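Single-letter residue listing:
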Amino acid sequence: MDFSSGFSYAPAPESSSHVKLQKQYELFIDGKWQKPVKGKYFDTVNPATEQVLARVAEATDEDVDKAVKAARKAYDTVWSKMPARERGKYIYRIARMIQERAREFSVIESMDGGKSIRESRDVDVPLAANHFFYYAGWADKLEYAFPGKKPEPLGVAGQIIPWNFPLLMAAWKIAPALATGNTVVLKPAETTSLTALKLAEIIQESGLPDGVVNIITGAGATGAAIVNHPDINKIAFTGSTGVGKRIQQSIAGTGKRLTLELGGKAANIIFEDAALDQAVEGIVNGIFFNQGHVCCAGSRLFVQEGVADKVIRKLKDRMETLIVGDPMDKNTDIGAINSAEQLKRIKEYLKIGVAEGAEMYQPSCAIPKKGYFCPPTLFFHTSQSHRIVQEEIFGPVLTIQTFRTVEEVIEKANNTPYGLSAGVWTDKGSKIFNMTTKLKAGVIWANTYNKFDPTSPFGGYKESGFGREGGLHGLSAYLKNS
Ligand code: NDP
């Protein structure tokens, strides 16, 4: 297909004039904004413009201790004693307030994290509200969720989240913890603190009792201080496998409960009998959604040999139409890479792929000169032993392999240290069932990809971690006796 005819969309930028950001953000502890004890702050940067958006407080051990004490006091004196029905009302109120301020949240999420406004507006923010709605409903029905058991909260939960879905990950963590009667100390990632801090504003306005949710900002050392605090009962972590392993080591023998949602390297498998145009959309969504900063991204494509040429031609054509650029433009498909460090890491992998002998393909799309951007990238002629096939790149980079038989693709798909997700595209229900029983992945999508719902559990096996978030499983991770 010829894409040089000059057709292009007129810019459709979302306004940010209604968004009020403070110059400096403090720590949200015990229902109040508190200055960090050591007085340290760091900048948070818009990755699309490289401009500083705000200064954010850096919590040290002393601040973490204050936050945990506030959470303990709130747990002992208020939250664990409150009738579950009342707890549910607060969670429901938070959900409604996120909906009311959805536009503001979407704009800040795109400015701080680089994701396209279309995705933050249509995916991140509505899903975050839905998680609070869903778990609000469960708060007074825990005996029905776990019949014959007497579910009890764990106490204080320490929650550490990454930068790829900042508000949504905060919702995944906070909503089930509150519904089950736990109190929370949450740390967002250093590069994307702003929507978690906005959520703290909502929590304050909602009248949630002081100390039930504490949101403290900082880098890895702040996360480690939460993990190592002796009065925490449970750690919920989403992030890299390396940090997850360190956390597991450091809490061994402490009796703290742990859920780890770590990396992935998902196989997206296209059979000859699949609806190919839909499958191509699924490939694009699987790897280029959120710039590929997705733990369950379909980053290893397997195409059955008979349709490989056709699928690759269609995929290349589709990639020519992708718009990479300003996250605030509603036409943008692929926004900015989250940080300069992450862009550097992705570029290193591009070099590694070429050095390993794979053939790199990028469409002719223009990318902005300022900001951190990476064009969507394919690698052909890859094999199982290539590092770009085995390691999580966390960017818009897809490796492509072909296969002949079902047995071969199952073997290849499972040949990875990870086990978070997979995709299967075929016309045959029986083939889907066969694949889903044999693929070692916590979540498997059939004829679709990257679909999320609060009612549906999410989590992995092997080096992708353990424990589930979402659905009933997400409740039991915060309960004794369930
Ligand atoms: P990290 O795992 O370092 O970050 C996740 C969260 O953990 C952040 O809030 C981080 O803080 C915090 N953290 C960092 N070190 C510690 C520690 N020792 N103890 C407790 N908490 C800690 O991911 P990165 O941001 O460094 O990304 C590196 C790579 O990890 C990416 O390239 C990607 O491959 C992978 N990744 C995977 C994710 C997933 O969901 N599977 C999510 C994010 C990254 P801070 O960011 O402030 O340093």
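From a predicted model like this one, the values you see are computed outputs, not experimental measurements.

Undergrad: Just checking my understanding: could you explain the sheet that holds strand E5 (residues 51-57) for this structure?
TA: Backbone hydrogen bonds are what pair the strands of a sheet, in a parallel or an antiparallel way. Taken together, three strands build an open sheet; the order of strands is E1-E5-E4 and the sheet is mixed. Whereas interior strands pair on both sides, the edge strands pair on one side only; in this sheet they are strand E1 (24-25) and strand E4 (41-46). Note: E4 against E5, six bridges, orientation antiparallel. Along E5, the bridge assignment pairs Asp43 with Arg55.

Undergrad: Help me understand the domain arrangement of the protein, please; the structure alone is not making it clear to me.
TA: According to the domain assignment, the protein contains domain 1 (24-262 + 461-481) and domain 2 (267-446). In this complex, domain 1 contributes 30 residues to the contact, which on the side of domain 2 involves 33 residues. Roughly 2700 Å² is buried in total at the junction of domain 1 and domain 2, and carbon and sulfur atoms are behind 55% of that figure. A per-residue breakdown of the area domain 1 buries against domain 2 is headed by Trp163, Tyr461 and Lys462, which together make up 21% of the total.

Undergrad: What is the right way to look at the packing of aromatic side chains in this model?
TA: The geometry of an aromatic ring pair is captured by the separation of the ring centres together with the interplanar angle, meaning the angle of the planes. Within the structure shown, the criterion is met by twelve aromatic pairs. Ring centres of Tyr134 and Tyr135 lie 4.9 Å apart, and the angle between their planes is 70 degrees; on these two criteria the pair is classed as edge-to-face. The exposure class assigned to Tyr135 is buried, which follows from its relative accessible area of 0%. The interplanar angle of 35 degrees and the centroid separation of 5.9 Å between the aromatic rings of Phe165 and Phe289 together place this pair among those described as tilted. Note that Phe165 is positioned in the loop between strand E7 (156-160) and helix H6 (166-179) and Phe289 in the loop between helix H10 (276-288) and strand E13 (300-304), a separation of 124 residues in sequence. Neither residue differs from the other here; Phe165 and Phe289 are each classed as buried. Ring-pair connections join several aromatic residues into one group, and the members of that group are Trp172, Trp445, Tyr449, Phe452 and Phe458. Here the guanidinium or amino end of Lys316 rests over the ring plane of Tyr361, the centre of that ring lying 4.7 Å away.

Undergrad: Quick question: what am I supposed to make of the packing of helix H14 (residues 406-414) against helix H15 (residues 429-438) here?
TA: The packing of two helices is summarised by the inter-axis angle and the distance between the axes. Orientation of H14 relative to H15, taken along the N-to-C sense of each, is 35 degrees, at an axis distance of 10 Å. Where H14 crosses over H15, the two elements pack in a sense that is right-handed. Across the interface between the two elements, Val406, Val409, Ile410 and Asn414 of H14 pack against Asn434, Met435 and Lys438 of H15. For the contact of H14 with H15, a count of residues per class yields four nonpolar, two polar and one charged.

Undergrad: Help me understand the site of the ligand, please; the structure alone is not making it clear to me.
TA: Looking at the ligand, there are 28 residues lining it, with Ile161, Trp163, Glu190, Ser240 and Arg345 nearest. In the environment of the ligand, an oxygen atom lies 2.8 Å from a nitrogen or oxygen atom belonging to the backbone of Glu190. At 3.5 Å from a nitrogen atom of the ligand is found a main-chain nitrogen or oxygen belonging to Gly239. Contact with the protein chains covers 86% of the free accessible surface of the ligand, which is 850 Å².

Quick notes on the rules
- Residues numbered from 1 in each chain as written.
- Predicted model: local features only at pLDDT ≥ 70, side-chain atom pairs only at ≥ 80, totals over all residues.
- Heavy atoms only, no water.
- Pairing = 2+ DSSP bridges.
- Helix = DSSP H or I, 4+ residues; strand = E, 2+ residues; numbered from the N terminus.
- Domains from an automatic or database assignment.
- Contact = heavy atoms within 4.5 Å.
- Buried area = accessible area lost by both parts, 1.4 Å probe.
- Phe/Tyr/Trp six-rings, centres within 6.5 Å; stacked < 30°, edge-to-face > 60°.
- Buried < 20%, exposed > 50% of the residue type's maximum accessible area, 1.4 Å probe, protein only.
- Lys NZ or Arg CZ within 6 Å of the ring centre and 35° of its normal.
- Axes fitted to C-alpha atoms, helices over the stretch in contact; angles between N-to-C directions.
- Left-handed = near helix turned anticlockwise from the far one by under 90°.
- Nonpolar A, V, L, I, M, F, W, Y, C, P; charged D, E, K, R; others polar.
- Near = heavy atom within 4 Å.
- Polar contact = N/O pair within 3.5 Å; in protein donor to acceptor, adjacent residues only side chain to side chain.
- Areas by Shrake-Rupley, 256 points an atom, 1.4 Å probe, with all protein chains shown as cover.

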